[in-house]
Every structure is written in structure tokens, then in C-alpha cells.
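# Observations on the three-dimensional arrangement
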Amino acid sequence: GVENLESSLAMIKQLLDMNRIKDGDLNPDFVRCKVNLILERVIKNVAQLAARKGIKIENRIEDNEYVVSDRVFLQEILLNLISNSIKFCKAGDRIK
């Protein structure tokens, strides 16, 4: 259904981005990122999908946690991890 299409499109985008990085066409912009805020955005993006499956997502990252990363890539990685977690969880499960 729609979930499989969205997942397939996301994978294609990631593969294209990885190829662009390898070819030097896409340069990561490494900056200090507040992980908690990026994770909150990702959780908001998948909240409806998780709710439909009866899955709770909990952000347990402290407010003062930072990493040096490309914000867009970090967001894509977290989105991929959480989307996969939702896909393989069952109703009543909790993602932490």
C-alpha cells in the first residue's frame, strides 16, 4: 500500500543521495546539531503512522546532547531507523 510506496521512495532517495556524495555532487554540511530537536521533528513526521499501529515513540535523549553531523543526513538516518522500527513493531510496542 501507501506505506510500501513511501518506504520504497525513501530508499531510492537515500541511494541517490549516497551516489551523489560518492560522486562529489552532494557535500555534507557538518555542524553541531542538537539531537533532541532533530529527533522530535522525526517523531512528529511518523506520529500518525505509529498511532495507527498502536505504537508509542519515546524520545529519551537529553536536551543537552549534541553531535557534529549534517542535519539533513542525521534526520534521514533517524527517520529510517524509526520507520523501520515501526514497520517491525506490533501494537502495544514502545520505541525508545
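Structure report, in brief. Since this is a predicted model, take the numbers as computed values, not measurements.

### Things to note about the overall build of the chain
When you go through the chain residue by residue, the secondary structure sums to three helices and four strands. Sequence-ordered secondary structure for the chain, helices as α and strands as β, is α-β-α-β-β-α-β. Within the chain, buried positions represent 23% of all 96 residues. Counting contacts in the chain only where the partners sit at least 6 residues apart, residues at least 24 apart contribute 85% of the total.

### A look at the side chain of Asn-59
Structurally, Asn-59 can be placed in the loop between strand 2 (56–57) and strand 3 (66–70). Take Asn-59: its relative accessible area is 19%, and that puts it in the buried class. Among the polar contacts listed, one links the side chain of Asn-59 to the side chain of Asn-36, at a separation of 3.1 Å. Separated by 2.8 Å, the side chains of Asn-59 and Glu-40 make a polar contact. Not counting the four nearest positions on each side in its chain, Asn-59 is found in contact with Asn-36, Leu-39, Glu-40 and Ile-43.

### As for the environment of Asp-17
You can see Asp-17 is positioned in helix 1 (residues 2–22). For Asp-17 and Asn-27, which are ten residues apart along the polypeptide, the C-alpha to C-alpha distance reads 9.9 Å.

### As for the packing of helix 2 (residues 35–52) against helix 3 (residues 71–88)
Relative to each other, helix 2 and helix 3 sit at 35°, their axes nearing to 9 Å. Note that helix 2 runs across helix 3; the crossing there is right-handed. Contact with helix 2, carried on its side by Ile-38, Leu-39, Arg-41, Val-42, Ile-43, Asn-45, Val-46, Leu-49 and Ala-50, involves Arg-71, Leu-74, Gln-75, Leu-78, Leu-79, Ile-82, Ser-83 and Ile-86 of helix 3 and no other residues of that element. Of the residues contributing to the contact of helix 2 with helix 3, the split by class is twelve nonpolar, three polar and two charged.

Rules used throughout
Residues numbered from 1 in each chain as written. Predicted model: local features only at pLDDT ≥ 70, side-chain atom pairs only at ≥ 80, totals over all residues. Heavy atoms only, no water. Helix = DSSP H or I, 4+ residues; strand = E, 2+ residues; numbered from the N terminus. Buried < 20%, exposed > 50% of the residue type's maximum accessible area, 1.4 Å probe, protein only. Contact = heavy atoms within 4.5 Å. Polar contact = N/O pair within 3.5 Å; in protein donor to acceptor, adjacent residues only side chain to side chain. Axes fitted to C-alpha atoms, helices over the stretch in contact; angles between N-to-C directions. Left-handed = near helix turned anticlockwise from the far one by under 90°. Nonpolar A, V, L, I, M, F, W, Y, C, P; charged D, E, K, R; others polar.

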